[in-house]
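Now for the letters of each chain:
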Amino acid sequence: MTDPLTSGDFVAPVVRFAPSPTGRIHIGNARTAMLNYFFARKHGGTFILRFDDTDAERSTEEYALGIEVDLAWLGVEPDRKFRQSERFALYDAAAERLRREGRLYPCYETQEELERRRRLQIARGAPPVYDRAALNLSAEERAALDAEGRRPHWRFKLDPETVHWRDLVRGECHIDCASLSDPVLIREDGSYLYTLPSVVDDHDSGVTHIIRGEDHVTNTAVQIQLFEALGGRAPQFAHHNLLIGADGQGLSKRTGALSIAGLREAGIETLAVAAMAALTGSSIAVQPVHSLPELAGLFDLSAISHSSARFDGEELKALSQRVLHGLSYEAVRDRLEALDIVGHKAEPLWFCARGNLEIFADISDWWAVVEGEIEPHALEAEFARAAAENLPPEPWDETTWGAWTGALKQATGRKGRDLFHPLRLALTGREAGPELAKLLPLIGRHRAAARLGA
């Protein structure tokens, strides 16, 4: 197939992110969401959020809303949104069409019978592929099984062909469908498995590109045949590598591993999560970015590696701090206001303290230093008296610290750490922090004198 984005006939892409609301999304799910979102934004396309919620027992409204919150925090805004649970009439119509055309057929074997047959095939050295025995049942035999109370599951009859596609990440791919079992599309209880609703929705919503994890590669040939059986044309596929944890294990939303909600609660910056999700496991260096459009500009499917991508939580923390330290005041103004950090000191405090923050919430500690109360650290009486006596008159600026400590050095004979460290403790209550030359004017003479014990 020809990718319309790289051919002369441009078609604005339509992509989708299709989580099951059976848990909160993690960094690996976010990777798929971000890659789809960036692809749509970079090429002027449409991004669909589709909830694959046909599993009524495990899907919950709480998880669906939680996923929307997580995506919104990441800056991912869907252009369209729908749920599979509202579209069963479409799936029923598609299933009926496949039955009429002889591509969907009933099978009455129990799981135990299928397992025994599979073991026997393996023992004989044969591939454990379903033998289509159900196709040989007569109408009378099917009626007798129905009368026994057996309910069939329904399989899609594959054409015994080799399906080829050009994967936008993995290159030329093919799967011999003769080596596959006819997949089950409908369970005995009439509920749908993933495959049929997914293909029907992709076809109905005009999806042009399916960007998903490489664990779905083996599904692709079946889905291409199913698209064609339903009278459609298969989209382009791009199977990206999967993120694995530092322990080498896969990520699971059911265990809460690196959940987006957990990262948000831990104070990790949104742009750091987005950059790690999109760039890890590619030839593009993971780096701090200032906006999602900037990150989208770096994005390129062809840069994604074919091997698994190891995700390092400590690297994420370090990246988050690099992002945080580079944020402008305008980028954080609303977040500062939410912490009641407002007024003429807010902007200079941000530029003074941002390089010392581990997470954004730490700025509240430095606001308390310049506008509130701190845990007192008393100076030696003689040094405290000299420090207070030599405090320069206001107005103060960034030269005040140097003038004050220079005078104290002359008055007390102290220098280096013996001079500076006690002053830092008394003025800020902290062992380390921003440059005192910039912080002192924000603390102000009245508050500084009080903390010196004057």
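A quick note: this is a predicted structure, and the numbers were derived from the prediction, not measured.

Looking now at helix H13 (residues 346-353). Buried within H13 we find Ala346, Leu349, Trp350, Cys352 and Ala353. The buried residues of H13 all sit within an arc of 165° when viewed along its axis, so they share a single face. Those residues of H13 hidden inside the fold are in contact with helix H11 (313-325), helix H12 (329-338), helix H14 (363-371) and helix H18 (436-443).

Mapped onto this structure's residue numbering, the UniProt feature "domain: Aminoacyl-tRNA synthetase class I anticodon-binding" (unreviewed entry) falls at residues 384-452. With 70% helix and 0% strand, residues 384-452 has its two end C-alpha atoms placed 6 Å apart.

The next subject is the sheet that holds strand E4 (residues 104-107). Pairing is antiparallel across the open sheet formed by three strands, whose spatial order is E4-E5-E8. Of all the strands in the sheet, just E4 and strand E8 (184-186) have a single pairing partner and so form its edges. Direction aside, the axes of adjacent strands within the sheet are offset by 45° on average. Of the pairings in the sheet, the one linking strand E5 (residues 153-156) to E8 comprises two bridges and is antiparallel in character. When the bridges of E8 are listed, Arg155 appears paired with Val184.

This paragraph deals with the pattern of salt bridges. Considering all chains together, one arrives at 28 salt bridges under this definition. As a salt-bridge pair, Arg50 and Asp202 come within 2.9 Å of each other at their nearest N and O atoms. A residue pair is termed long-range when its members are at least 10 positions apart, and Arg50 in strand E2 (residues 46-51) and Asp202 in helix H6 (residues 195-204) qualify at 152 residues. Using a relative accessible area of 1% as the deciding quantity, one classes Arg50 as buried. Lys438 is the partner of Glu435 in a salt bridge, and the nearest nitrogen-oxygen pair spans 4.0 Å. On the basis of relative accessible area, Glu435 is assigned to the partly exposed category, the value being 49%. Residue Lys438 is classed as partly exposed on the basis of its relative accessible area of 32%. Each of the salt bridges in this network shares a partner with another, and the network as a whole consists of Arg16, Arg50, Asp52 and Asp202.

Mapping Asp189 onto the fold places it in the loop between E8 and H6. Note: C-alpha distance between Asp189 and Arg151 (38 residues apart in sequence) is 7.4 Å. A polar contact is formed between the side chain of Asp189 and the side chain of Ser191, at a distance of 2.6 Å.

Further remarks concern the side chain of His209. Structurally, His209 is set in strand E9 (residues 209-213). Note on His209: relative accessible area 2%, which makes it buried. Among the polar contacts listed, one links the side chain of His209 to the side chain of Thr208, at a separation of 2.8 Å.

Quick look at the nonpolar core now. Counting residues in each nonpolar core, the largest one holds 93 residues, and the members touching the most others are Trp350, Trp404 and Leu423. Leave out the neighbours within four places in its chain, and Trp404 touches Ala387, Asn390, Leu391, Pro392, Leu423, Leu427, Leu440 and Leu452. Membership of the second largest hydrophobic core comes to 34 residues, among which are Phe82, Leu98, Val163 and Val207.

Let us look at the environment of His174. Within the fold, His174 resides in strand E7 (residues 171-176). Separated by 195 residues in sequence, His174 and Val369 have C-alpha atoms that sit 64 Å apart. Other than its neighbours up to four places away in sequence, His174 contacts Thr162, Val163, His164 and Trp165.

All right, on to the packing of H13 against H14 then. A pair of packed helices is captured by two measures, namely the crossing angle of their axes and the spacing between those axes. Axis separation between H13 and H14 bottoms out at 11 Å; the angle between their running directions is 120°. In terms of orientation, H13 lies oblique with respect to H14. The two elements H13 and H14 cross, and the hand of that crossing is right-handed. For the pair formed by H13 and H14, the contact residues are Ala346, Leu349, Trp350 and Ala353 on the first element and Ile363, Trp366, Trp367 and Val370 on the second. Looking at the contact of H13 with H14 residue by residue, the class counts come to eight nonpolar, no polar and no charged.

To continue, consider the pairing of E4. Covered by surrounding structure in E4 are Leu104 and Pro106 together with Tyr105 and Cys107, the residues of both alternating faces. Judged from the four bridges that link them, E4 and E5 form a sheet pairing that is antiparallel. Note that in E5 the partner of Pro106 across the bridge is Trp154.

Reading guide: rules and limits
- Residues numbered from 1 in each chain as written.
- Predicted model: local features only at pLDDT ≥ 70, side-chain atom pairs only at ≥ 80, totals over all residues.
- Heavy atoms only, no water.
- Buried < 20%, exposed > 50% of the residue type's maximum accessible area, 1.4 Å probe, protein only.
- Helix = DSSP H or I, 4+ residues; strand = E, 2+ residues; numbered from the N terminus.
- Arc of directions from axis to C-beta.
- Contact = heavy atoms within 4.5 Å.
- UniProt positions renumbered as here; feature names shortened; annotations may be inferred.
- Pairing = 2+ DSSP bridges.
- Axes fitted to C-alpha atoms, helices over the stretch in contact; angles between N-to-C directions.
- Salt bridge = Lys/Arg side-chain N within 4 Å of Asp/Glu carboxyl O.
- Polar contact = N/O pair within 3.5 Å; in protein donor to acceptor, adjacent residues only side chain to side chain.
- Core = buried A, V, L, I, M, F, W, Y, C linked by side-chain atoms within 4.5 Å.
- Parallel < 35°, antiparallel > 145°, perpendicular 65-115°, else oblique.
- Left-handed = near helix turned anticlockwise from the far one by under 90°.
- Nonpolar A, V, L, I, M, F, W, Y, C, P; charged D, E, K, R; others polar.

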